[in-house]
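Descriptive analysis of the structure
Chain by chain, the residues:
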Amino acid sequence: MPAIIESITTQLVDLPTIRPHRLSMTTMACQTLVIVRLRTSDGIEGIGEGTTIGGLSYSAESPESIKCNIDAWMAPLLIGQPADNINALMARLDRHVRGNAIARSALETALLDSQGKRLGVSVAELLGGAVHKHLAVLWTLASGDTQKDIDEAFQRLDERRHQQFKLKLGANALRDDLRHVESICAALDGRAGVQVDINQAWDEATAVQGIAALEAAGVALIEQPISARNVCGLTRLANRFRVPMLADEAVQDTGDGLTLLSAGFSGAFALKIAKAGGPRGALALARTAQAGGIGLYGGTMLEGTIGTAASLHAWSALPSLEWGTEMFGPLLLKDDIVTEGLRYHEFGVDLPRGPGLGIALDEDRLRFYSRP
Ligand code: MUC
Ligand code: MG
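Since the structure is predicted, the reported quantities are computational estimates derived from the model, not experimental observations.

Our next topic: the coordination of the magnesium ion (ligand 2). Only Asp197 (OD), Glu223 (OE) and Asp248 (OD) from the protein coordinate the magnesium ion (ligand 2), and they sit 2.0 to 2.2 Å from it. The class for Asp197 is buried, based on a relative accessible area of 0%. Judged by its relative accessible area of 0%, Asp248 is buried.

Written out as structure tokens, the structure is:
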């Protein structure tokens, strides 16, 4: 008799950030996690996380919509079903639910955690096995102040925590953004790599001007300079410059991957479990990219430890991640809701050991940070 899914509950958890995190479309002082707890008839609890950035400023899902749509529409499709066939359960969701990739990802993570615990294996093992146990992790400098960012970078380098840095552009005038990047590149020259993320803030003409200057300053990678919908524009920029373009908002899942490949895009894809509807969808996109000769980057939606661990299990299953990862979400948060956090050291993070995600909730802190 397979175990049956008996209940699925969701909680909104608000965790303060260690400093304001400034992106082109929002400044975050707090991150909201949607925590999913999925209980089955054999007494196992699987946990998952659905997280976005800045309310509705990153995608069409907000923390509140993730919670509401799981509670009202998605959980009822899963409750009463056998818990051990994740392909069948996700196919059932696919039949009845459009969109809502972040909510799906939270549920798929909880199902994988549950099944891993049931079989006594890690999520990475469920996904075929870990090729890597330690993954490189960059840090985003986004305090909004150039000197603070430089000080923060040197601190991270001295701690041997990060040696690649991402800068967030697009909130300021182009001239000011370029001055900011040039100062940081000059300060870090030879000690660390720098890449930038514009989060769609530029039009193509601004991008041509900006990228020429960024390339000259030694920036290694340019993430989503223009609108996610402008696939032809991103392809033109990738063909025009030597510095590679990283598609983020433009590539959610395999469908987008195929569109970019068909348009002739060359560059790299940012994988995120939240964009692809879960770890399995993100790995499917990775395979599409690999088939098209596109490099991979392990992306974050600035998730807490549960979402970050789920991503790490997925990324660990990939033979190569040419551009490393940005799985630093938990380090941006002042506190955590798990008993033991991830281990960051030697410019990267260790894959947590299973069963399941290898992560346990701290009930007291979860209660403290949960919305009433
Ligand atoms: C994004 O757009 O990539 C990832 C790192 C960071 O600082 O913001 C996120 C979102
Ligand atoms: Mg991005």
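Another aspect to go through is the packing of aromatic side chains. Scanning all chains against the criterion turns up three aromatic pairs. With centroids separated by 6.0 Å and ring planes inclined at 15 degrees, the aromatic side chains of Phe265 and Phe269 adopt a geometry described as stacked. The same class applies to Phe265 and to Phe269, which are both buried. When the ring centre of Trp139 is taken as reference, the NZ or CZ atom of Arg156 above it lies at 4.7 Å. Sitting over the ring of Trp139, Arg161 keeps its end group 5.3 Å from the ring centre.

In the vicinity of ligand 1 lie 15 residues, with His21, Thr140, Lys166, Asp197 and Asn199 positioned nearest. Asp197 is positioned with one of its side-chain polar atoms (N or O) 3.0 Å from an oxygen atom of ligand 1. Taking Asn199, its side chain carries an N or O atom lying 2.7 Å from an oxygen atom of ligand 1. Relative to its unbound accessible surface of 280 Å², ligand 1 loses 100% to contact with the protein. Class assignment for the residues of the shell around ligand 1 results in four nonpolar, four polar and seven charged.

Right, let's talk about unusual backbone geometry for a bit. The amide bond that connects Gly354 to the next residue, Pro355, takes the cis arrangement and shows omega of 10 degrees. Turning to its location among the elements, Pro355 is positioned in the loop between strand S13 (348-350) and helix H13 (363-369). Notably, Arg160 is not glycine yet its phi reads approximately 55 degrees, a positive angle. Within the secondary structure, Arg160 is located in the loop between helix H5 (146-158) and strand S6 (164-168). We classify Arg160 as partly exposed; its relative accessible area is 41%.

In this structure's numbering, the residues bearing the UniProt feature "active site" (unreviewed entry) are Lys168 and Glu326. What stands out for the annotated residues spanning 159 residues is how close their C-alpha atoms remain, the widest pair being 13.2 Å apart. Within the secondary structure, Lys168 is located in strand S6. Contact partners of Lys168, with chain neighbours within four places excluded, come to Arg22, Leu23, Thr140, Leu141, Ala142, Asp197 and Asn199.

Criteria and cut-off values
Residues numbered from 1 in each chain as written. Chains lettered and ligands numbered in written order. Predicted model: local features only at pLDDT ≥ 70, side-chain atom pairs only at ≥ 80, totals over all residues. Heavy atoms only, no water. Donors = N, O, S within 2.8 Å, 3.2 Å for Na, K, Ca; no water. Buried < 20%, exposed > 50% of the residue type's maximum accessible area, 1.4 Å probe, protein only. Phe/Tyr/Trp six-rings, centres within 6.5 Å; stacked < 30°, edge-to-face > 60°. Lys NZ or Arg CZ within 6 Å of the ring centre and 35° of its normal. Near = heavy atom within 4 Å. Polar contact = N/O pair within 3.5 Å; in protein donor to acceptor, adjacent residues only side chain to side chain. Areas by Shrake-Rupley, 256 points an atom, 1.4 Å probe, with all protein chains shown as cover. Nonpolar A, V, L, I, M, F, W, Y, C, P; charged D, E, K, R; others polar. Helix = DSSP H or I, 4+ residues; strand = E, 2+ residues; numbered from the N terminus. UniProt positions renumbered as here; feature names shortened; annotations may be inferred. Contact = heavy atoms within 4.5 Å.

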